[in-house]
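Fold and contact review
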Amino acid sequence: MRKLCSTCGTLYPTWYSSNDCFICNEERQYVPEEGQIWTTQEELSSTHKNKLISINHRLFEIAIEPKFAIGQRAFLVLSESGNVLWDCVPLLDEETIRFISSKGGLSAIAFSHPHYYSNMNDWAKVFDCPIYIHQADEQYIMDKSEYIHLWEGEEIPLWDDLKLVNIGGHFEGSSVLLISEPSKKGVILCGDTMYLSPSKNHFALMYSYPNRMPLPISEIKRIKQRLDTLDFNSVYGFYSYQNVIGTAKEILEASVKRYLR
Ligand SMILES: [Zn+2]
Ligand SMILES: [Zn+2]
């Protein structure tokens, strides 16, 4: 039986014998006060299911209900030459497989950063597609497989209008997926490379969000330079509420200004 971490949602291969979750013990995450808690995919699927939400004609949100582990959402991005799963949720149930298959399956899975890797190889196996991970984060891959394609450098075009762009910050390999449609000015799927505040008026850029660990100002300046090169006005983030349509660039610019004051 493969161990699934209840705190961060990482799935470990059968050979992983440690009782400590590597990802939770890394300084950007945490082990709960009551200690390490493991579950299994079988247990998770008996109490949880995936919620599939249409955001627009080419974007669907996938999130586990009720909330499990870090509670992230993944996105199914529809595209003419092949669909992409952006990030991952630790539950892959029959209904989700049927839904994605009805939309044409997946041509790739791509990641913002290691906190979403969870059961990525299961998704890749079911849909027989490669997994794109930035090479800088290779050391955080807990289950290396033949599906994983490490990419290097600042950006890599996939196909149609889909492009992976490395931003860094939270992790050196932290990346975003840039889509030119349906917003004419561009859409960014960012994971938690940028973290929209509940006020929706501020993006936090941090080394660790749960542990409130800041990034050095030099990193904020470098990230600003990277983001300045991208055309976008809409952002979809880590949680279901983190949607900004139309004004994302202005909010980001004001947020970076605050850091540099
Ligand atoms: Zn963990
Ligand atoms: Zn994270």
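First things first, this report covers the structure right here in the doc. (Residues numbered from 1 in each chain as written. Chains lettered and ligands numbered in written order. Predicted model: local features only at pLDDT ≥ 70, side-chain atom pairs only at ≥ 80, totals over all residues.)

If you tally the helices and strands in the protein, you get 5 helices and 19 strands. Here the C-alpha radius of gyration of the protein, 17 Å, is about what a compact globule of 261 residues would show, namely 18 Å. Over its C-alpha atoms, taken along the principal directions, the protein stretches across nearly 50 × 45 × 35 Å. Counting the 261 residues in the protein, one finds 38% classified as buried. Excluding contacts between residues fewer than 6 apart, the proportion of contacts in the protein whose partners are at least 24 apart in sequence is 54%. (Helix = DSSP H or I, 4+ residues; strand = E, 2+ residues; numbered from the N terminus. Rg over C-alpha atoms; globule rule 2.2 N^0.38 Å. Buried ≥ 20, exposed ≤ 12 C-beta atoms within 10 Å, placed from the backbone. Contact = placed C-beta atoms within 7 Å.)

Right, let's talk about the environment of Glu250 for a bit. Of note, Glu250 is situated in helix H5 (residues 248–260). Residues Glu250 and Lys103 lie 147 residues apart in sequence; the distance between their C-alpha atoms is 34 Å.

Moving on, we come to the sheet that holds strand S12 (residues 175–179). Strand order across the open sheet formed by 6 strands is S10-S11-S12-S13-S18-S19, with mixed pairing between neighbours. With partners counted over all chains shown, the strands left at the sheet margins are strand S10 (155–157) and strand S19 (243–244), one partner each. Bridge analysis of strand S18 (residues 234–237) against S19 gives 2 bridges, and the strand direction is antiparallel. By the bridge assignment, Tyr236 is partnered in S19 with Asn243. (Pairing = 2+ DSSP bridges.)

Strands sit in the order S3-S4-S5-S6-S7-S8-S9 across an open sheet of 7 strands; the sheet is mixed. Bordering the open sheet on either side are strand S3 (49–56) and strand S9 (148–151), each of which pairs with just one other strand. Shown here is a sheet whose adjacent strand axes are inclined to one another by a mean of 25°, direction ignored. Along the sheet face, helix H2 (residues 94–102) touches S3, strand S4 (59–65) and strand S5 (73–77) and points at about 30° away from the line of S3. Along the sheet face, helix H3 (residues 120–127) touches strand S6 (84–86), strand S7 (108–110) and strand S8 (131–134) and points at about 160° away from the line of S7. (Axes fitted to C-alpha atoms, helices over the stretch in contact; angles between N-to-C directions.)

Moving on to the pairing of S8. In S8, alternate side chains face the same way, and those of Ile131 and Ile133 on one face and Tyr132 and His134 on the other are all buried. In this sheet, S8 lies alongside S7 in parallel orientation, the contact comprising 2 bridges. If you follow Ala110 over to S8, its bridge partner there is Tyr132. As paired strands, S8 and S9 are joined by 4 bridges and run parallel to one another. Residue pairing for S9: His134 is matched across the bridge by Trp151.

As for its position among the elements, Gly186 is in the loop between S12 and strand S13 (187–191). Contacts of Gly186, omitting those with residues within four sequence positions, involve Leu178, Ser180, Leu230, Asp231, Phe232 and Asn233.

Its place among the elements puts Gly168 in the loop between strand S11 (163–166) and S12. Each C-alpha atom, one on Gly168 and one on Ser197, is 19 Å from the other, the two residues being 29 residues apart in sequence. Not counting chain neighbours up to four residues away, the residues in contact with Gly168 comprise Ser174 and Ile223.

Okay, the packing of helix H4 (residues 217–228) against H5 next. To describe two helices that pack against each other, one gives the angle between their axes and the distance between the axes. Packing of H4 against H5 leaves a shortest axis separation of 10 Å and a crossing angle of 155°. In this view, H4 runs roughly antiparallel relative to H5, as classed from their interaxial angle. Between H4 and H5 the crossing geometry is left-handed. Contact with H4, carried on its side by Ile217, Ile220, Lys224 and Leu227, involves Leu252, Val256, Tyr259 and Leu260 of H5 and no other residues of that element. Of the residues contributing to the contact of H4 with H5, the split by class is 7 nonpolar, no polar and 1 charged. (Parallel < 35°, antiparallel > 145°, perpendicular 65-115°, else oblique. Left-handed = near helix turned anticlockwise from the far one by under 90°. Nonpolar A, V, L, I, M, F, W, Y, C, P; charged D, E, K, R; others polar.)

Moving on to the pairing of S12. Summarising burial for S12: 5 of the 5 residues are buried, a large majority. With burial as the criterion, each face of S12 is covered, one bearing Ser175, Leu177 and Ile179 and the other bearing Val176 and Leu178. As paired strands, S11 and S12 are joined by 4 bridges and run antiparallel to one another. From the neighbouring strand, Lys163 faces S12, where its bridge partner is Leu178. As paired strands, S12 and S13 are joined by 3 bridges and run antiparallel to one another.

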